[in-house]
Amino acid sequence: MKRAGWVIMTGLLAGLLGLAQGATASNHEVRIGTIFPMTGHMAFGGNEGFMGTDIAREIVNERGGVWGGKKIVFVPADAPDQTAATNEMNRLISRDGVKLVIGSYSSAIAFAASAVAERNRIIFWENHGVADPIARRGFKYLFKTNVNATGTGGGAAVWAATYLSRTLNIAPKDMKVAVVWEDGTYGASVGKAAFTKATELGMKVVANEGYSAKSPDLSPLVLKLKELQPDVLLVAGIGQDAVLFWSQAKKLDLNVKAVVATSGGWGVPDFAKNLGEGANGVFSSDFPTEVNPQALTPKTRQLAQEFIKRFKARKGTTPTGNAWLAFSGTMLLFEEVLPKAGSLEPESIKQAAFSLDLPEGSMANGCGVKFISHDQFDGGKNERAFAVVVQWQNGEVHVVGPEKFATHKSILVPLPKWSDRK
Amino acid sequence: MIYVQLVVSGLLLGGVYALISIGLTLIFGVLRVVNFAHGEFLMVGMFAAYWLFQLWQIPVYLSALVMLPAFALFGYLVYRLVIRRTMGQGDAVQIFATVGIGVILQNAALVLWTGDFRTIRSAYADAIWRVGGVQVSVPLLVAFIVAVAVTGLLFLFLNRTMEGKAIRAVVQDPIAAMAMAINLDRIYLWTFTIGTCCVGLAGILLAPNYPIFPAIGISFGLVSFVVVVLGGLGSMVGALLGGLIIGLVEVFSGFFIATDLKQAFYFLVFVLVLVLRPQGLFGQRGAEMVGFGRLV
C-alpha cells in the first residue's frame, strides 16, 4: 500500500513537471514579453497598442513564424503606471525569463520599463513613447522605432507656421499661438518641443500652460485661453483629458482658428466618438496612419491593407496612428530583425537592427529604418521615422500633409465658431 | 465679465465636488469607515446613466429614478457582505476591504466595457445658458441645485425624523445609543445605503458632463476626500461649503496662477484649514477622538 502511494506520488510529480515543461519551454515557440497599460487611465491606448502588436504576431505566425517554423508567443504584462511598469518588467525577466520586451503606448511606461531592461541587459523594443528623454539616457539595449517629441511637437508648430499661416493669411510673426500640454512625461516633452519650435519660428506665443491629465476639470485653463484669444492652439493631451478639454472649450465658447494637436488623446477613435461633429477640423501632428499607397513599397502596401482589414475586424474602427506604430514597429522586429539575428540574444538583435538601412515606405506606416548607434545622441532611435499631419474629417482621421503622404485635403480652416456649428 | 464667469464656473465645479462628497461624509461620519471605493461607486453611477441612455435612450434624470433602488440594493449588499464584517476590526482591515472593492469594481468595468472613454451625446448634455457674456452649463447647474437640495433634505432627515435622530445619537455615543435600544447594525446599514444612493445619484447627474471611463473615480475620489476633511468629518453643510470653496480655489488659482498648480493650491488651503482648525470648517473639536459630535 505504502509502495503504491509512492508510485502514485511519483507519477503525479512527473506529470506536473511534464505539464510545467510544456507550459514554459517548448522548442517550437519564441517567447517575447509585451508591456502596455491595459488597465487604468491609459487603458484605451494600451489596449489599442497591444492589438496592433498582436496582429503583427498573428500575421507572422500564419506565415510560418520565425526561424524555420517557430511560433511567436507573447508573455503579456499590464502596467497602468510607472511603478507597475518596473515591477512587471522585473517579473517578465526574472520569473518568465523573457529576453526581449515590446512596449508600451506611453512615454512614462517606456521610460520606467526600458530602465529595467537596461539593468538586466535585455532588449526593449519601444514602438510608441515619443518623449525625447527616453532615448537620451545613453541606453545600450533600447530601440525606438517611432518619431520623437521634437518630431510631433515641433511638427505641430511647423504646420502652424507654414500651411496654416498661408491658409489663414496670418504671417507667423503675427500669429498668436497658445501651447497647452499635460504635465506627464509625454505631454511635457511634446509641449516643450512645440514651444521651442514656435519660438524659433518667431511666432507670438501667448501661453505655455501645463495641466494634469488626471484633473477632473479644465475650465480655468479654457477660460484663460479664452481671455488670451490665440489664433492657433498647439495641444498635447494624452487620454480623456483631450475630450474633456475640447468639450469644455465648446461649453465655455473658446473659439480659435485652428487646433494642431500632437497625437495622444486627440488622435484616438474615442476622441471623435465622444465629440462627434465637434472633432471635425482638428489637426494632429501625428504618427502616420494609412498613408498614400504610392509612398509605400509594393510589399508594405499589401501588408498595410491586411492590417486595416484585421484591425477593423477586431475593433470595428480604422486603426489610428497609435495602432499603426505598434503594428509597423513589431512587423519590423519580426520580419527584418529576428530573421537576421537568428536568436533572442541581445547582441545578435543589436547587430541585426543596426544593419538595417531601409528607405521611406519600408514600414507599414510609411517610415524608413535606420537606427542611430547607441554611442551617439538619440542612440537606438529610428532616424527615418517621421510625423505627418492628420485631420479629423467626419469621424475619421486622414493624412493631410506633407503632400507626398496625404490621402485627403484639409477642411474647416478656419474652424467655424461653436455657435455656428450644429 | 471674466470674474463673473470664474465665480460661476467655480461654484458649478464646487457643486459637483459637494454632490460627490455628501455620501462620503455621511458614511465617514456615522460608520467611521473611510470608503476608498467611493470614487468607483461614482464611476458605476456614471456608467449606469450612460448605458441606460445608450441602450434605451432613457434620459439622465429619469434614469436616476430607475437606478436609485438599484443603488440602495447595491449599498445594502456591500454593507452586508463586506463593510459589516470589517466594523471594529481596525483601520487596516477597513482600508484593504474598501480599496479591494474599488479595485474589483474598476477592473470589472474594464473587462465589461473596456478602457474606452465615453460621453452621453445629447442636446441636453451640451445645453448652455448664456446670461450676458457668461456661459452656464445646464447639466452642471442642475447638479449644483441637486447638491444643495440633497444637503437640505439630509439636514431635515437627520434633524426631524426619528431615524435621523437615531443616526445622530449613534454618532454622538454609540454605546449610549445602544443602551437606548437603538439597533447599531441597522443604523449603519441605513447610513451606508443612503450614502451609496447619494454617490450613485452624483454619478448619474455628472454623467452628461464628463468623459466616462473605468478610472474616472480616482480623480473625483481624491477631491471628495479633501472636501470631506475640509468641511469637517460627517458634516453635510461642511461638505457643501467645502466643495464650493475647493471649486472656487481651483478655478481662480488655475486662471490667475498656473493650471498645473491648481491642485497644489487647494491642498494648500486644505493644509491651512487643518493647521488652524483641525476639526475642519464645520466639524466639532476633538471629534476625531470621541466620535464625530454632530452630523449636520
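Report on the accompanying structure.

Analysis parameters
- Residues numbered from 1 in each chain as written.
- Chains lettered and ligands numbered in written order.
- Predicted model: local features only at pLDDT ≥ 70, side-chain atom pairs only at ≥ 80, totals over all residues.
- Heavy atoms only, no water.
- Pairing = 2+ DSSP bridges.
- Helix = DSSP H or I, 4+ residues; strand = E, 2+ residues; numbered from the N terminus.
- Axes fitted to C-alpha atoms, helices over the stretch in contact; angles between N-to-C directions.
- Contact = heavy atoms within 4.5 Å.
- Phe/Tyr/Trp six-rings, centres within 6.5 Å; stacked < 30°, edge-to-face > 60°.
- Buried < 20%, exposed > 50% of the residue type's maximum accessible area, 1.4 Å probe, protein only.
- Parallel < 35°, antiparallel > 145°, perpendicular 65-115°, else oblique.
- Left-handed = near helix turned anticlockwise from the far one by under 90°.
- Nonpolar A, V, L, I, M, F, W, Y, C, P; charged D, E, K, R; others polar.

Let us now look at the sheet that holds strand S2 (residues 71–78) of chain A. All names here are of chain A. Taken together, the 5 strands give an open sheet; going across it, the order is S2-S1-S3-S4-S5, and neighbouring strands pair in parallel fashion. What marks the edges here is a single partner per strand, and that holds for S2 and strand S5 (142–144). Within the sheet, the average angular offset between the axes of one strand and its neighbour, ignoring direction, is 25 degrees. In this fold helix H2 (residues 43–62) packs onto strand S1 (29–36), S2 and strand S3 (100–103), with an angle of close to 170 degrees to the strand it touches most, S2.

Time to look at the packing of aromatic side chains. The full count for this structure, using the stated rule, is 35 aromatic pairs over all chains. Geometrically, the ring pair formed by Phe-271 of chain A and Trp-392 of chain A is tilted, given 6.1 Å between the ring centres and 35 degrees between the ring planes. Separated by 121 residues along the polypeptide, Phe-271 of chain A in helix H9 (residues 269–275) and Trp-392 of chain A in strand S11 (residues 388–393) bring together distant segments of the chain. A residue is classified by how much of its surface remains accessible, and Phe-271 of chain A, at 0% relative accessible area, is buried. Using a relative accessible area of 4% as the deciding quantity, one classes Trp-392 of chain A as buried. Ring geometry for Trp-51 of chain B versus Trp-113 of chain B: centroids 6.4 Å apart, planes at 40 degrees, classification tilted. With Trp-51 of chain B in helix H2 (residues 38–56) and Trp-113 of chain B in helix H4 (residues 91–113), this pair connects stretches of sequence that are 62 residues apart. Since its relative accessible area comes to 22%, Trp-51 of chain B is described here as partly exposed. Three or more aromatic residues link up through ring pairs in this structure, and these residues are Phe-245, Trp-246, Trp-266, Phe-271, Trp-392 and Trp-418 of chain A.

This next bit is on the packing of helix H5 (residues 149–168) of chain A against helix H6 (residues 185–200) of chain A. Residue and element names in this part refer to chain A. Where H5 contacts H6, the axes come no closer than 7 Å and their chain directions differ by 40 degrees. By the angle between their axes, H5 is oblique relative to H6. For the crossing formed where H5 meets H6, the hand is right-handed. Contacts between H5 and H6 involve Ala-149, Thr-150, Thr-152, Gly-153, Gly-154, Ala-157 and Val-158 from the first element and Ser-189, Val-190, Ala-193, Ala-194, Lys-197 and Ala-198 from the second. Among the residues making up the contact of H5 with H6, the classes are represented as 7 nonpolar, 5 polar and 1 charged.

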